[in-house]
Amino acid sequence: MATPKKQLHLTAFMRPVSLHTGAWRYPGAVPNANFSLPHLKSFIQKLEAAKFDAFFMADHLAVLNMPIEALQRSHTVTSFEPFTLLSALSAVTEKIGLAATASTTYDEPYHVARRFASLDHLSSGRAAWNIVTTGNPESAKNFGLDEHVEHSERYKRAREFYEVVTGLWDSFADDAFDSRSQESGIYFDPSKLHVLNHKGESLKVRGPLNIARPVQGWPVIVQAGQSEPGKQLAAETAEVVFCSPRDIQGAKELYEDIKGRAEKYGRNRDSLRILPAALVIVGDTVQDAKEKRLKLDSLVHYDSAIASLSIALGSDASGFDPDGPLPDDIADTNASKTGRAGVIKLARDEGLTVKQLAQRYGGYAGLAFVGTPQSIADEMEEWLSQGAADGFTVTFPFVPQGIDDVTQRLVPELQRRGLFRTEYEGSTLREHLGLSRPNNRFFT
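Residues numbered from 1 in each chain as written. Predicted model: local features only at pLDDT ≥ 70, side-chain atom pairs only at ≥ 80, totals over all residues. Heavy atoms only, no water.

- An unreviewed UniProt entry lists the protein chain under the name Luciferase-like domain-containing protein, from Podospora pseudoanserina.

**Observations regarding the packing of helix α12 (residues 373-385) against helix α13 (residues 401-416)**
For step 1, the next point in the chain: The N-to-C vectors of α12 and α13 enclose an angle of 55 degrees; their axes lie 9 Å apart at closest approach. Classified by the angle their axes make, α12 and α13 are oblique. Taken as a pair, α12 and α13 cross one another with a handedness that is right-handed. Across the interface between the two elements, Pro 373, Gln 374, Ile 376, Ala 377 and Met 380 of α12 pack against Arg 409, Leu 410, Glu 413 and Leu 414 of α13.
For step 2, the next point in the chain: Per-class residue counts for the contact of α12 with α13 are 6 nonpolar, 1 polar and 2 charged. (Axes fitted to C-alpha atoms, helices over the stretch in contact; angles between N-to-C directions. Helix = DSSP H or I, 4+ residues; strand = E, 2+ residues; numbered from the N terminus. Parallel < 35°, antiparallel > 145°, perpendicular 65-115°, else oblique. Left-handed = near helix turned anticlockwise from the far one by under 90°. Contact = heavy atoms within 4.5 Å. Nonpolar A, V, L, I, M, F, W, Y, C, P; charged D, E, K, R; others polar.)

**Comments concerning the packing of helix α1 (residues 37-49) against α13**
For step 1, the next point in the chain: Close contact between α1 and α13 brings their axes to 9 Å; oriented N to C, the two are set at 15 degrees. Judged by the inter-axis angle, α1 sits roughly parallel to α13. Like other packed secondary-structure pairs, α1 and α13 cross with a definite hand, here left-handed. Taken together, the residues of α13 that come into contact with α1 (itself represented by Phe 43, Lys 46 and Leu 47) are Ile 403, Asp 404 and Thr 407.
For step 2, the next point in the chain: Considering only residue class, the contact of α1 with α13 consists of 3 nonpolar, 1 polar and 2 charged.

**What about the pattern of salt bridges?**
For step 1, the next point in the chain: All told, the structure shown has 35 salt bridges when counted by the stated rule.
For step 2, the next point in the chain: With its nearest N and O atoms 3.1 Å apart, the salt bridge here joins Glu 263 to Arg 269.
For step 3, the next point in the chain: Take Arg 269: its relative accessible area is 22%, and that puts it in the partly exposed class.
For step 4, the next point in the chain: Among the ionic pairs, Arg 416 bridges to Glu 413, the shortest N-O distance being 2.7 Å. A residue pair is termed a helical-turn pair when its members lie 3 or 4 positions apart in one helix, as Arg 416 and Glu 413 do in helix α13 at 3 residues. (Salt bridge = Lys/Arg side-chain N within 4 Å of Asp/Glu carboxyl O. Buried < 20%, exposed > 50% of the residue type's maximum accessible area, 1.4 Å probe, protein only.)

**Considerations on the packing of aromatic side chains**
For step 1, the next point in the chain: On inspection of all chains with the given rule, the structure shows 18 aromatic pairs.
For step 2, the next point in the chain: When the ring of Phe 83 is compared with that of Phe 116, the centres are 4.5 Å apart and the planes differ by 75 degrees; the resulting orientation is edge-to-face. Taken together, the residues Phe 83 in helix α3 (residues 82-90) and Phe 116 in helix α4 (residues 109-122) connect sequence positions 33 residues apart.
For step 3, the next point in the chain: Of the residues examined, Phe 83 reaches a relative accessible area of 8% and is grouped as buried.
For step 4, the next point in the chain: Centre to centre, the rings of Phe 172 and Phe 188 are 5.7 Å apart; their planes meet at 85 degrees, and the pair counts as edge-to-face. Taken together, the residues Phe 172 in the loop between α5 (151-169) and β5 (198-199) and Phe 188 in the loop between α5 and β5 connect sequence positions 16 residues apart.
For step 5, the next point in the chain: The positively charged end of Arg 115 is found above the aromatic ring belonging to Phe 83, 5.0 Å away from the centroid.
For step 6, the next point in the chain: When the ring centre of Tyr 187 is taken as reference, the NZ or CZ atom of Arg 180 above it lies at 5.0 Å. (Phe/Tyr/Trp six-rings, centres within 6.5 Å; stacked < 30°, edge-to-face > 60°. Lys NZ or Arg CZ within 6 Å of the ring centre and 35° of its normal.)

**A word on unusual backbone geometry**
For step 1, the next point in the chain: A cis amide bond links Gly 207 to the next residue, Pro 208, at an omega of 0 degrees.
For step 2, the next point in the chain: Its location among the elements puts Pro 208 in the loop between β6 (204-205) and β7 (220-223).
For step 3, the next point in the chain: For the bond running from Val 399 to Pro 400, omega is 10 degrees, close enough to zero to count as cis.
For step 4, the next point in the chain: Checked against the element boundaries, Pro 400 lands in the loop between β11 (391-395) and α13.
For step 5, the next point in the chain: In the Ramachandran plot, Lys 51 falls in the positive-phi region, its phi being about 70 degrees despite a non-glycine side chain.
For step 6, the next point in the chain: Summarising the element assignment, Lys 51 is placed in the loop between α1 and β2 (54-57).

Written out as structure tokens, the structure reads:
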């Protein structure tokens, strides 16, 4: 009997609807899609019809730290808070996963545990928590601090935060409410309630959580960092890893690095899914798709471009010579180490001027599949077969046409090749991803 072909996992990345700064200006695009519930309902229903694993909502805890001249051109300046939006979207969907970002630096474990448990129950087991430590330094000023928390300290707190949140999810045994009786007046079995009473280096949380154990046991754990602390956190905790390698070789190295680290912690390498982010632009021909991207990039104003470069570097780039190379003496900051290193590598590898680099970052500088449904399917199949990815976190160039191109043209080609499901086989996100339901650490 032939071995079944390995299949891709696909999640849709919405930040708020596209990573590309020019997305809202593209001809035919809905300019206010990130702040329109009817449009977002339509998008997620299209993705569910195409059998996507999950709809992932990123989040910001501050307006992006860029000059007002650039900010006035950014569609990220207004978007919904993820939990409110995903709770609404859970009511108009049945199978697709619902992933939200929540910060371990500027939130509290009890709040995060309660919100995700609630979303998991409301959606009948479709929630996922994207653990982030928050890279935008401006966020600190919205939470009573003058300076951003140090990078290493953010990750140390994140690791403890994860232990507390998952411990709170295990407050009740799965069958704690099975003995509920209207006749006796007993609502739950008190022997199946655990008080966490956590006292750690950064956090002190008594518990228990005042909600039954989530449908999935725990909502799926997602992690997105590629710095050394980020990879370590992913290896220890994550079940899905969002990442941004630029090419297949870098992706293979990252894939093996994270899964190898996970094995060292006694985890099965198949217990986590690595899903690189990829901008997908579909055309009738490869040239047609390339022309779409050129048009999209041309809609990025230089004010936005140089501001985006400054954010990626974590340093003000507005004073750099636009026609010169990226300076060597860029000051270190508390911003994302992974993003900064990627900027410098891209500039050096391709010999880009500051202006060229800014235009790339002003649009989208990450991995992109630009071509026909057939050529993109070829590339995705190669990444899957070469051990570079378990699937992709798809970001769309513009909406709604970008979503239609993927769901109506690319997905059918992947399905024809046996690379993607034609129907959901389960009802929870864990089942879509092939992940086991975690045991309760306090009750057998």
